[in-house]
Amino acid sequence: MTRKRVEVAAGVLLREDGCYLLGQRAPDAVYAGYWEFPGGKVEPGESPAQALVRELDEELGIRVTRLRPWLCREHLYEHAHVRLHFQEVAAWEGELADRVHSALAWVRPEGPAREPMLPANGPILKALRLPRTMGITQAAEIGVEVQLDALERALAGGLRLVQVREATLPDAAREAFARAALARVRAHGGLLVVNEDEVLARRIGADGVHLPARRLMAVQARPDFPWVGASCHDRAGLERAAALELDYALLGPVQPTLTHPGQAGMGWEGFASTAAGLPLPVFALGGLAADDMERARDAGAHGIAAIRAIWRPVRD
Ligand SMILES: Nc1nc2c([nH]c(=O)n2[C@@H]2O[C@H](COP(=O)(O)OP(=O)(O)OP(=O)(O)O)[C@@H](O)[C@H]2O)c(=O)[nH]1
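Throughout, residues of each chain are indexed from 1 in the direction in which the sequence is written. It should be noted that, the model being predicted, local features are given only for residues of pLDDT at least 70 and side-chain atom pairs only at 80 or more, the latter also being counted only at that level, while totals for whole chains, interfaces and linings use all residues.

1. Describing the overall build of the protein
And then number 1: Going along the chain from the N terminus, every DSSP run of H or I of four or more residues is numbered as a helix, and every run of E of two or more is numbered as a strand. Each helix and strand in the protein was counted, giving eleven helices and 15 strands.
And then number 2: In terms of C-alpha radius of gyration, the protein reaches 20 Å, essentially the compact-globule figure of 20 Å for 316 residues.
And then number 3: Viewed in the frame of its principal axes, the protein has a C-alpha envelope of about 60 × 50 × 35 Å.
And then number 4: A total of 316 residues make up the protein; the buried ones form 41% of that total.
And then number 5: We call two residues in contact when their backbone-placed C-beta atoms lie within 7 Å. When contacts within the protein are restricted to residue pairs at least 6 apart in sequence, those whose partners lie at least 24 apart make up 60%. When we talk radius of gyration, it's over C-alpha atoms, and the globule rule is simply 2.2 Å times the number of residues to the 0.38. To sort residues by exposure, count the other C-beta atoms lying within 10 Å of each residue's C-beta; 20 or more gives buried, 12 or fewer gives exposed, and values between give partly exposed, all with C-beta atoms placed from the backbone.

What follows is the structure, encoded as structure tokens:
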């Protein structure tokens, strides 16, 4: 049986404390009692953004003032083949009024979600647990001790996602560094992934592995870790990461960067069009710093990843 594809707009309302809003479907709805993100079907002639603005007015009585594209996922239900356009609702006006759900709840991303949850939403909840900034280490360049101090400082400042990328450190030094970094990241409740080296990642008990672009194209299946991501430079790479059901991708360089000298950046428009409509979170990378975060998220990025800017000491 072929089912008609239904376009759906779903909103991730994010409160300043990081909580997001869920609604419980009413007793007369399909999947009654299940929890969902507020939203509904896109009507003919509407864009997903227009549909979400209308739905949130109808369902919650709010006026959306800042909307950003985020993820797009397809799911085959018994009753329909849905394509869900998840968008981040960063700002709105008006008090929330519950007009269609049987309950509303603000949920912490790292805590338990509400059950039962609509089956398509599992990867969305996981994506919401992924921090918004990734720091990529450069101990081989700046020195192991300097890097560990910078890591400690960044963790104290809120960094919660670290990629150990130390291909040129000798094996023993790399393992010692990775273990030291992991201990620090864990002490702050963060996540650490190891670039390329799955054996090292497993030996030290890292949270996952990060595939360089060439490795992404070579692997046959998703490596077996809780968190797996990849570096991408174009749409083909992103689609490969999506096909392998990875948890995130990095896309860049957005701006020219010392890591890839002589390579022009794709710019924010290039980033937005290359990363649009994907089912996994995409970080913007390449010549970026903390103050690029809003711009990146407006372009559909989950967040930003950086090497140099993350470890720079804060100037007085
Ligand atoms: N709103 C919403 N729908 C979701 C989510 N996840 C998910 O799989 N869906 C699916 O997307 C479709 C949305 O349909 P809906 O019934 O909410 O749409 P609607 O408000 O226009 O309802 P209607 O059928 O009364 O016109 C359903 O098949 C639902 O199962 C989610 O998080 N939020």
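2. Brief notes about the environment of alanine 272
And then number 1: For alanine 272, the position within the fold is in helix α9 (residues 267–275).
And then number 2: A residue is classified by how many C-beta atoms lie within 10 Å of it, and alanine 272, with 17 of them, is partly exposed.

3. Considering the sheet that holds strand β1 (residues 5–13)
And then number 1: Pairs of strands are assigned from DSSP output, requiring at least two bridges between the strands. Read from one edge to the other, the open sheet built from four strands follows the order β4-β1-β6-β5, with strand pairing classed as mixed. Of all the strands in the sheet, just β4 (39–41) and β5 (63–76) have a single pairing partner and so form its edges. Strand after strand, the sheet turns through a mean of 20° between neighbouring axes, direction not considered.
And then number 2: The pairing of β5 with strand β6 (residues 81–93) spans twelve bridges and is classified as antiparallel. Only the stretch in contact is used when fitting a helix axis, every axis being a line fitted to C-alpha atoms; angles between N-to-C directions are given from 0 to 180 degrees.

4. Some thoughts on the sheet that holds strand β13 (residues 248–251)
And then number 1: Strand order in the closed barrel formed by eight strands is β8-β9-β10-β11-β12-β13-β14-β15, and the pairing between neighbours is parallel. Across this sheet, the average inter-strand angle for adjacent strands is 25°, counted without regard to direction.
And then number 2: In the sheet, β13 pairs with strand β14 (residues 282–285) via three bridges, with the strands oriented parallel. Within the sheet, the bridge partner assigned to leucine 250 lies in β14 and is phenylalanine 283.

5. Remarks on the site of the ligand
And then number 1: Only the C-beta atom, placed from the backbone, is used; a residue is near a molecule or strand if that atom lies within 6 Å of it. The environment of the ligand is made up of 17 residues, and the closest members are Glu36, Phe37, Gly40, Lys41 and Ala120.
And then number 2: Mapped by element, the contributors of at least two residues to the shell around the ligand are β1, β4 and β6.
And then number 3: With three residues, β4 is the largest single contributor of residues to the shell around the ligand.
And then number 4: In terms of residue class, the shell around the ligand is built from eleven nonpolar, four polar and two charged. Each residue is assigned to one of three groups, with Ala, Val, Leu, Ile, Met, Phe, Trp, Tyr, Cys and Pro labelled nonpolar, Asp, Glu, Lys and Arg labelled charged, and all others, Gly among them, labelled polar.

6. Some points on the nonpolar core
And then number 1: A set of buried residues qualifies as a nonpolar core if it consists of Ala, Val, Leu, Ile, Met, Phe, Trp, Tyr and Cys joined through C-beta atoms within 7 Å. If you look at the biggest cluster of nonpolar residues, it comprises 84 residues, and the most contacted ones within it are Ala249, Leu251, Phe283 and Ala284.
And then number 2: Just so you know, the domain bounds were taken from an automatic or database domain assignment. Here this core gathers at least three residues from each of two domains, domain 1 (5–121) and domain 2 (133–311).
And then number 3: Other than its neighbours up to four places away in sequence, leucine 251 contacts Cys232, Leu238, Phe271, Thr274, Ala275, Val282, Ala284 and Leu285.

7. Quick look at helix α2 (residues 122–129)
And then number 1: Every buried residue belonging to α2 is among Ile124, Ala127 and Leu128, and all of these are buried. Within α2, the buried residues cover an arc of 100° as seen down the axis, which keeps them to one side.
And then number 2: Considering only its buried residues, α2 is in contact with β2 (20–24), β5 and β6. It is the directions from the helix axis to the C-beta atoms that the arc portrays.

8. Some details on unusual backbone geometry
And then number 1: With an omega dihedral of -10°, the bond running from glutamate 115 to proline 116 counts as a cis peptide bond.
And then number 2: For the peptide bond that leads from glycine 252 to proline 253, omega is 0°, which places it in the cis range.
And then number 3: With respect to the helices, strands and loops of the structure, proline 253 is situated in the loop between β13 and α9.
And then number 4: Not every positive phi belongs to a glycine, and glutamate 245 is a case in point at roughly 60°.
And then number 5: Mapping glutamate 245 onto the fold places it in the loop between α8 (235–243) and β13.
And then number 6: By C-beta crowding, glutamate 245 is classed as exposed, having 12 other C-beta atoms within 10 Å.

9. Details of the UniProt feature "domain: Nudix hydrolase" (unreviewed entry) in the protein
And then number 1: UniProt positions are given in the numbering used here, feature names are shortened, and annotations may be inferred rather than shown by experiment. Within this structure's numbering, the places UniProt gives as "domain: Nudix hydrolase" (unreviewed entry) are residues 4–132.
And then number 2: A helix fraction of 16% and a strand fraction of 40% characterise residues 4–132, whose end C-alpha atoms lie 35 Å from each other.

10. Structural notes on the domain arrangement of the protein
And then number 1: Domain annotation of the protein identifies domain 1 (5–121) and domain 2 (133–311).
And then number 2: Between the C-alpha centres of domain 1 and domain 2 there is a distance of 29 Å.
And then number 3: Every contact between the two is made by seven residues of domain 1 and, on the other side, nine residues of domain 2.
And then number 4: Sorting elements by how many residues they give to the side of domain 1 that touches domain 2 places β5 first, with six residues.
And then number 5: Split into classes, the residues belonging to the side of domain 1 that touches domain 2 amount to four nonpolar, no polar and three charged.

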